[in-house]
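Each chain, letter by letter, is given below.
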Amino acid sequence: MIADIKKDAEKRMVKTISVYKEDLQSIRAGRANPTLLDKITIDYYGQQTPINQASSISAPEPRLLVIQPWDVNLIPQIEKSILKSDLGLNPSNDGKLIRLVIPQLTEERRTELTKVVKKNGENAKVALRNIRREAIDEIKKLEKAKEISEDDRKVAEDDIQKITDKHINLVDEATKIKEEELMEI
């Protein structure tokens with residue numbers, strides 16, 4: 001029972017970390033990266049579809065993204081979606097594909113983005129702590145139901161705390177790496 005609770009908590013924490021890392025990838029650091037557009041969707045035959053599922057996206061140069069839709073009629077929609085997004089990029093098209101030039105980040109924008117990264121990191125840590133709290137609550141219920149002893153509860157709580165600490169350190173590392181990447185000129 002305790003092993004299942006620990007395993008479930010760790011699995012949920014790993015998922016939280018992977019979601020956090022995906023979020024970090026969508027924050028641009030001045031380099032062209034096709035994952036920048038992952039969260040942007042377009043209306044594709046009545047369905048909200050991510051741009052990367054309706055076109056091919058490549059980064060032929062460090063500061064350039066090229067979007068080649070499979071259906072040329074999607075170009076205006078893709079442009080609108082990019083303009084509406086919070087990326088701050090201006091698309092230009094030649095009728096067949098869209099080019100996105102990624103401008104050099106200003107110092108002010110870099111500091112803004114590091115604040116966003118820190119905030120996202122704190123949110124990920126809160127999610128990890130919530131998972132820890134839920135796991136510990138389940139263990140306490142087992143103790144109340146006399147299914148485990150007090151000693152077993154304490155050992156399990158320590159184990160869950162160690163798992164939580166490990167994952168919080170992973171969030172801190174990912175945050176630090178992203179901040180360094182953003183402040184790099």
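Looking only at helices and strands, the protein chain features 4 helices and 6 strands. The linear arrangement of helices and strands in the protein chain, starting from the amino end, is α-β-β-β-β-α-β-β-α-α. The C-alpha radius of gyration of the protein chain comes to 22 Å, more than 25% above the 16 Å expected for a compact globule of 185 residues. Viewed in the frame of its principal axes, the protein chain has a C-alpha envelope of about 70 × 40 × 25 Å. A fraction of 64% describes how many contacts in the protein chain between residues 6 or more apart in sequence connect residues 24 or more apart. Total accessible area on the protein chain stands at roughly 11000 Å², and carbon and sulfur atoms take up 50% of it.

Looking now at the sheet that holds strand 5 (residues 91–93). Two strands in a sheet stick together by hydrogen bonds in their backbones, pointing the same way (parallel) or opposite ways (antiparallel). Reading across the sheet, the 4 strands line up as 3-4-6-5 and stay open at both edges, with antiparallel pairing between neighbours. Looking along the sheet, the strands with just one partner apiece sit at the ends: strand 3 (55–61) and strand 5. Across the sheet, the mean angle separating the axes of adjacent strands is 25° when strand polarity is ignored. When strand 5 meets strand 6 (residues 98–101), the two strands line up antiparallel, connected through 3 bridges. Pairing of N93 across the sheet is with I98, part of strand 6. Sitting on the sheet, helix 2 (residues 75–84) is in contact with strand 3, strand 4 (64–69), strand 5 and strand 6, with an inclination near 165° to strand 5.

To continue, consider the packing of helix 1 (residues 2–25) against helix 4 (residues 150–183). Running from N to C, helix 1 and helix 4 cross one another at 10°; their axes reach a closest spacing of 11 Å. As the angle between them shows, helix 1 and helix 4 are arranged roughly parallel.

Another aspect to go through is the pattern of salt bridges. For the structure shown, the criterion picks out 14 salt bridges. A salt bridge links R99 to D94; its shortest N-O distance comes to 3.4 Å. Among the salt bridges present, the one from R153 reaches E150, with a minimum N-O distance of 4.0 Å. Placement of both R153 and E150 in helix 4 is noted, with a separation of 3 residues, approximately one turn of the helix. Judged by relative accessible area, which is 14%, R153 ranks as buried. Look at E150 and you get partly exposed, because its relative accessible area is 43%. Within the structure, one salt-bridge network assembled from shared partners comprises E143, E150, R153, K154 and E157.

In this section: the environment of D8. Of note, D8 is situated in helix 1. Its relative accessible area of 31% is what places D8 among the partly exposed residues. Considering only alpha carbons, one finds D8 and Y44, 36 residues apart in sequence, at a separation of 37 Å.

Quick look at unusual backbone geometry now. Even without a glycine there, the phi angle at Y45 is positive, about 55°. In this structure, Y45 sits in the loop between strand 1 (41–44) and strand 2 (47–50). A positive phi angle, near 60°, is found at K146, a position not held by glycine.

Summarising the model, the protein chain shows a mean pLDDT of 87, and 98% of its residues fall at 70 or more. For the protein chain, the element scoring lowest by mean pLDDT is strand 1, at 84; helix 4 scores highest, at 92.

Procedures and definitions
Residues numbered from 1 in each chain as written. Predicted model: local features only at pLDDT ≥ 70, side-chain atom pairs only at ≥ 80, totals over all residues. Heavy atoms only, no water. Helix = DSSP H or I, 4+ residues; strand = E, 2+ residues; numbered from the N terminus. Rg over C-alpha atoms; globule rule 2.2 N^0.38 Å. Contact = heavy atoms within 4.5 Å. Areas by Shrake-Rupley, 256 points an atom, 1.4 Å probe, with all protein chains shown as cover. Pairing = 2+ DSSP bridges. Axes fitted to C-alpha atoms, helices over the stretch in contact; angles between N-to-C directions. Parallel < 35°, antiparallel > 145°, perpendicular 65-115°, else oblique. Salt bridge = Lys/Arg side-chain N within 4 Å of Asp/Glu carboxyl O. Buried < 20%, exposed > 50% of the residue type's maximum accessible area, 1.4 Å probe, protein only. pLDDT = per-residue confidence, 0-100.

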